[in-house]
Amino acid sequence: MSVEITPDNAVDYAQAAVDAALASGASQAEATLSIADRFSAEARDKAVTKLEQSTGRSLHVRVFVDGRKAALATSDFDRGHLKDAIAAAVAQARHVASDPYTVLPEMNGAPRNADGLSLFASDVANRDAQSKIDEALQIERRMREIDPRITNSNGSHVGDSVSTIALVNSNGFAGSYRSTRVHRSGSPVALDGEAKRTGSYGSASRSLGEMESANAVAEKAVRRTVELFGARKPATMRVPVIFERDVAASVLSDLFAALSASNVSVGNSWLAGRTGEKIGSDIVTIDDDGTLPGLLGTSPFDGEGVPTQRTAVFERGILKTFLYDTYYALKLGARSTGNSTGGGVGPNNFYLHAGDRSLDELIAGTQRGVLVLDTIGFATEHASGTYSRGARGFYIENGEIAYPIEEFTIAGSFPEMLGGIDAVADDLRFDGGVVSPSFRVREMTISGD
Amino acid sequence: MLDPADVNRILSTALERGGDYADVFCERRLATSFRLQSGQIHESGLSVTQGVGIRVIVGESAGYAYSDDLSFEALQRAARIASLIARGNSQERSVRVRDTGVTPYYDASRTAHADSAAYVKLLERAQIAAREFDPRVSAVNATVTDELQDVWIGTSDGRWLHDHRPLISLGVQVVCSRNGDRAQGFVGDGGRTSIAFYETRTPESIALEAARIAASNVEAVPAPAGEMEMVVGSGGGGVLLHEAVGHGLESDFNRQGVSLYSGRIGERVASDLVTIYDDGNLEGERGSISIDDEGNPGAHKVLVENGVLRGYMQDHLNGTLMGVGSTGSGRRQSFRVMPQPRMCNTYMPNGDSAVEEIIASTKRGIYAKSFSGGQVEISRGDFVFMVAEGYLIENGKVTAPVKNATIVGNGPEVMTKVVAVGNDSRLANRHYTCGKGGQYVPVGVGMPTVKISSVTVGGSNVG
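All values reported here derive from a predicted model rather than from experimental measurement.

Caption draft 1: View of the domain arrangement of chain A. Residues and elements named next belong to chain A. You can read the domains of chain A as domain 1 (122-226) and domain 2 (237-447). Using only C-alpha atoms to locate each centre, domain 1 and domain 2 end up separated by 25 Å. Of the roughly 1200 Å² buried between domain 1 and domain 2, counting both surfaces, carbon and sulfur atoms make up 47%. For domain 1, the biggest contributors to the area lost against domain 2 are Leu 167, Tyr 177 and Arg 206; these three give 39% of the whole.

What follows is the structure in structure tokens.
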């Protein structure tokens, strides 16, 4: 039989899963229950094309048998089935090698609660469906009004979620918190003669009050779509490259992977063994901070109940620390930085500190260079720190945007890029967990014709 | 898992406000996995994905709700939410589903996982083989995942179908180190089969292939930058078709007029050497499906024939609106999301050039034997690929391995630049997963050796 699981009894339910694991022979156990009410509306032109609404639940259980670990993820809440699945996890753990660092975090004091973190916004939780549907239609209408070349779209989306996370472990931790998230996006298709282009822009926040307006989202989506009409393929050259803030954030995501202790521990990081070294230029200061109120990467505790904190990762270019969960902290002789995802290492709010010049000023200060607006592809070589992407953007000449360019790659290495950052803009915006202001790298390779 | 009588009532509820079509997708998926890292079995996992998704289609609109609570009341609630997309008045709709047969393209008899010890043994054998291959091997990581998915699909046009889908995968990553330089090789294989697959495709053979690539990459020179010829290797080169052409032929993009291939059926879109199929019914392949996630058979589709565009990959919604029906291409990641038109196994059949001639005819180029990933932009077809194993070709000879090569180009343009197609077509190792709109599904790719007269290689070595 299945039970009604609600935000109010979520902790009790997680506790029952921990008890079941111990009864099956686990020496330690942890259970995380997530419940999320999700809503999403999609519009194309004047029609609502998709409406989705559901309550999703999932339970993650980690069982430890004397340093041997197995993880269970399930959406089957039948009591008998759950008991069997947990027993199967315990049996499976016995085939894993024993590792002295495979333990739960030690708990000191009461779990941190979410007071003061502003994770839950009632303006999101209490919003009626019709206003979200109307807003998706509004983004569609606005995009077409802004530019007559917008004749079609891949759909505008408005959605939100209201989530409860409850975490219990056998070291006595029991905590829970609720949070909200709202998002808006537009994906116009523009036609100019025979030429067709797509683009998109989306924004997200914990609360409606902090959100970019539907009109602002529509305007940015349109700009991103039409600004590259007439793009040429640039020559192959070495020039300064400005990463516009969203692309800059994707560079930081790659950097995070090299800072994650899980990669450092197996040598899959170009930063391994280099703490204390000057890697970035003087203006490279990067924090991971899970305590900033109201942000998407904020939470009272991480995926294994460790309180989040502010961690200075790069200070004026010097690498201060890697980012750890409990396992890799013990293994590498450090302390957890509150970066557990409940199975790996992940960012809280991971960001590059903003500078004091506008993006326009960065462009004006660039004689000849490239402004990158968008990249495609993904790097896999965290070990060597090489960076290579397909890209689109603008060619800059005499401090001005000269013309749009595409079908080229940018290549370099992370040491060269971080060390070569010679200007950081003031346009930092916390619309995701990993964010960055725009920045300029002194020189990189552009491959075109 | 659901009683067809209940499914009838749920579908009736879903259509009570009107609507052209409704379906119920019920899923139970059990997966088990083991990972070897730093010389030992590091972790193990299992997952149970269980729930029901209910969809109502009205014209080009769809309402959707899912539930992991399988009680009849919860499913009726979900059906009512999905029905809100329709604006009609309350009316009685009677639906009666009947058992509908499914022709299986994989062995559906296996209903349980193997013993944990058997999976662990595969990983250990892979590790030993890789370490013995070369003293420069500094790390071996390996993962085995075995999955059994059962789906039950009920449709308002009266079908009730069940499919049982096995899927196993063993992936081995080998890292080689030399004078502080590190490079990796990755090879994975498996398919819609069982652990018995590895009796013939041994873990040793997979590990040795990964170790050979890592050892080659650690000797590699920086990739050249600029325009040059490209020879794409057989098998793994098929990622090129998947990205450069395949996504642009998915019907949602075409019905909506977003794709650059919209409205171009019957037109020449590639060199006449180019023929591309998408096939859901190849025995045991990773992208095969006896039925898609809307209950339609996974068919053999001709996408491009001798350079002429023949058809799109259709799911129910888009195929109905375009008046051609489904091609069995409606796939989804899980019960939590609606299906989309997707690829299955996408490949190019044999041409008539010998591989040696293709290489010998290449003056200065890059030989991309396999890709580690790629991405495409649909409206223009611009793509990027990362080369996993690549070499220089100089004066008709394969010379040094190259590292970190990224290929950028435009799909339709590249397809017109295909100047030779080899006679060695084969499907790639079975480890590809395709992402679209946040949904990931297993796919297959394949291709003979193909020569493209010019692409842009993004390396760091200018001139």
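Caption draft 2: Looking closely at the domain arrangement of chain B. Residue and element names in this part refer to chain B. Entries for chain B in the domain assignment read domain 1 (4-32 + 43-99), domain 2 (116-218) and domain 3 (226-458). Of note, the centres of domain 1 and domain 2, computed from C-alpha atoms alone, are 36 Å apart. Taken together, the two surfaces of domain 1 and domain 2 that pack against each other cover about 1600 Å², and 53% of this comes from carbon and sulfur. Where domain 1 packs against domain 2, one counts one salt bridge. On inspection of domain 1 and its partner domain 2, the count reaches 11 residue pairs in polar contact (both at pLDDT 80 or more). Elements with a minimum of two residues in the side of domain 1 that touches domain 2: α1 (4-14), β1 (21-37) and β4 (98-99). At 12 residues, β1 tops the list of elements feeding residues into the side of domain 1 that touches domain 2. Class assignment of the residues belonging to the side of domain 1 that touches domain 2 gives a composition of 13 nonpolar, one polar and seven charged.

Caption draft 3: Fine view of the sheet that holds strand β4 (residues 150-153) of chain A. All names here are of chain A. Taken together, three strands build an open sheet; the order of strands is β4-β7-β8 and the sheet is antiparallel. Of all the strands in the sheet, just β4 and β8 (195-198) have a single pairing partner and so form its edges. Across the sheet, the mean angle separating the axes of adjacent strands is 30° when strand polarity is ignored. Bridge count between β4 and strand β7 (residues 188-192): three bridges; the pairing is antiparallel.

Caption draft 4: Representation of a negative patch on the surface. A contiguous patch of negative charge, built from Asp356(A), Asp360(A), Glu361(A) and Asp426(A), is present on the exposed surface. For Glu361(A), the location among the structural elements is in helix α9 (residues 359-364).

Caption draft 5: Spatial organisation of the pattern of salt bridges. All names here are of chain B. Taken as a whole and judged by the stated rule, the model has 60 salt bridges over all chains. One salt bridge in this structure joins Asp 134 and Arg 136, with 2.8 Å as the shortest N-O distance. Beyond isolated ion pairs, a larger network of salt bridges with shared partners links Asp 189, Arg 201, Glu 209, Glu 285 and Arg 430.

Cut-offs used in this document
Residues numbered from 1 in each chain as written. Chains lettered and ligands numbered in written order. Predicted model: local features only at pLDDT ≥ 70, side-chain atom pairs only at ≥ 80, totals over all residues. Heavy atoms only, no water. Domains from an automatic or database assignment. Buried area = accessible area lost by both parts, 1.4 Å probe. Salt bridge = Lys/Arg side-chain N within 4 Å of Asp/Glu carboxyl O. Polar contact = N/O pair within 3.5 Å; in protein donor to acceptor, adjacent residues only side chain to side chain. Helix = DSSP H or I, 4+ residues; strand = E, 2+ residues; numbered from the N terminus. Nonpolar A, V, L, I, M, F, W, Y, C, P; charged D, E, K, R; others polar. Pairing = 2+ DSSP bridges. Axes fitted to C-alpha atoms, helices over the stretch in contact; angles between N-to-C directions. Patch = residues over 30% accessible without salt bridge, like charges linked within 9 Å, V, L, I, M, F, W, Y side chains within 5 Å. Areas by Shrake-Rupley, 256 points an atom, 1.4 Å probe, with all protein chains shown as cover. Lys, Arg positive; Asp, Glu negative; His and termini not counted. Charge placed at Lys NZ, Arg CZ, Asp CG, Glu CD.

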